[in-house]
Amino acid sequence: MKEFVDGKDYLLVEDGINEYIIMKNDLIDYIYNRNEEINIYRTDGTFLLSTFDFFLNKIAFSERQKIIDRLIKL
């Protein structure tokens, strides 16, 4: 799977049971529609954010403002 996601605009999602691969552009819609506790990582394995339902729990500072602005617009 690592070969599939390296160098592309994908994110890795973990919900405690299953793992998913999503496009980075779909991140906000995924958070909003999924509506459960998830952890999201970049393809290199670094932490990006975690949610509780569709609320942000923890988030990497570099992405914080972009994600919050998009969530407000929903």
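This report concerns the structure included in the present document. Please read all numbers here as calculations on a predicted model, not as lab measurements.

### Quick notes on the overall build of the chain
- Helix and strand counts for the chain come out as 3 helices and 5 strands.
- For 74 residues, the compact-globule estimate of 2.2 N^0.38 gives 11 Å, and the C-alpha radius of gyration of the chain, at 12 Å, lies within 12% of that figure.
- Principal-axis analysis of the C-alpha atoms gives the chain an extent of 35 × 25 × 20 Å.
- Within the span of the chain, comprising 74 residues, buried residues form 27% of the whole.
- Taking the contacts inside the chain whose residues are at least 6 apart along the sequence as the reference set, 26% of them involve residues at least 24 apart.
- Roughly 5200 Å² of accessible area belongs to the chain as shown, and the carbon and sulfur atoms make up 52% of that amount.
- Where the 10 positive side-chain charges of the chain centre and where its 14 negative ones centre are 7 Å apart.

### Regarding the nonpolar core
- Counting 13 residues, the largest nonpolar core has L27, I40, L48 and L49 as its most contacted members.
- When residues of this core are assigned to their parent elements, the largest contribution, 4 residues, is made by helix α2 (residues 27-34).
- The residues touching I40, leaving out its near neighbours within four places in the chain, are L11, L12, V13, L27, I31, F47, L48 and L49.

### Considerations on the environment of K73
- Note that K73 resides in helix α3 (residues 61-73).
- The exposed category is assigned to K73, whose relative accessible area is 70%.
- Taking C-alpha positions, K73 is 23 Å from Y41, a pair spaced 32 residues apart along the chain.

### With respect to α2
- When we look at burial in α2, the residues that qualify are L27, I28, Y30 and I31. Across the axial projection of α2, the buried residues extend over an arc of 165 degrees, all falling on one side.
- If you follow the buried residues of α2, they end up packed against β1 (10-14), β2 (19-23), β3 (38-42), β4 (47-52), β5 (55-59) and α3.

### What to know about the packing of aromatic side chains
- Summed over all chains, the structure comprises 1 aromatic pair.
- With centroids separated by 6.0 Å and ring planes inclined at 75 degrees, the aromatic side chains of Y41 and F47 adopt a geometry described as edge-to-face.
- For Y41, a relative accessible area of 24% gives the class partly exposed.

So, how was this worked out
Along every chain, residues carry numbers that run from 1 in the direction the sequence is written. It should be noted that, the model being predicted, local features are given only for residues of pLDDT at least 70 and side-chain atom pairs only at 80 or more, the latter also being counted only at that level, while totals for whole chains, interfaces and linings use all residues. Hydrogens and water molecules were not included; the side-chain quantities draw on all heavy atoms of the structure. Counting from the N terminus, the helices are the DSSP runs of H or I reaching at least four residues and the strands are the DSSP runs of E reaching at least two. Computation of the radius of gyration draws on C-alpha atoms alone. For the globule rule, the value is 2.2 Å times the number of residues to the power 0.38. Only protein chains enter the accessibility calculation, which uses a 1.4 Å probe; a residue is then buried when its area is under 20% of its type maximum, exposed when over 50%, and partly exposed in between. Note on contacts: a residue pair qualifies if any of its non-hydrogen atoms lie within 4.5 Å across the two residues. Residue-level accessible areas treat just the shown protein chains as cover; the underlying method is Shrake-Rupley with a 1.4 Å probe. Two residue types count as positive, namely Lys and Arg, and two as negative, namely Asp and Glu; His and chain ends fall outside the count. To locate a charge, take NZ of a lysine, CZ of an arginine, CG of an aspartate or CD of a glutamate. Here, nonpolar core refers to any group of buried Ala, Val, Leu, Ile, Met, Phe, Trp, Tyr and Cys residues whose side-chain atoms link them within 4.5 Å. By arc we mean the arc of the directions from the helix axis to the C-beta atoms, nothing more. Only rings of Phe, Tyr and Trp enter the pairing, Trp through its six-membered ring, and a pair is recorded when the two centres are within 6.5 Å. The plane angle decides the type: under 30 degrees is stacked, over 60 is edge-to-face, the rest tilted.

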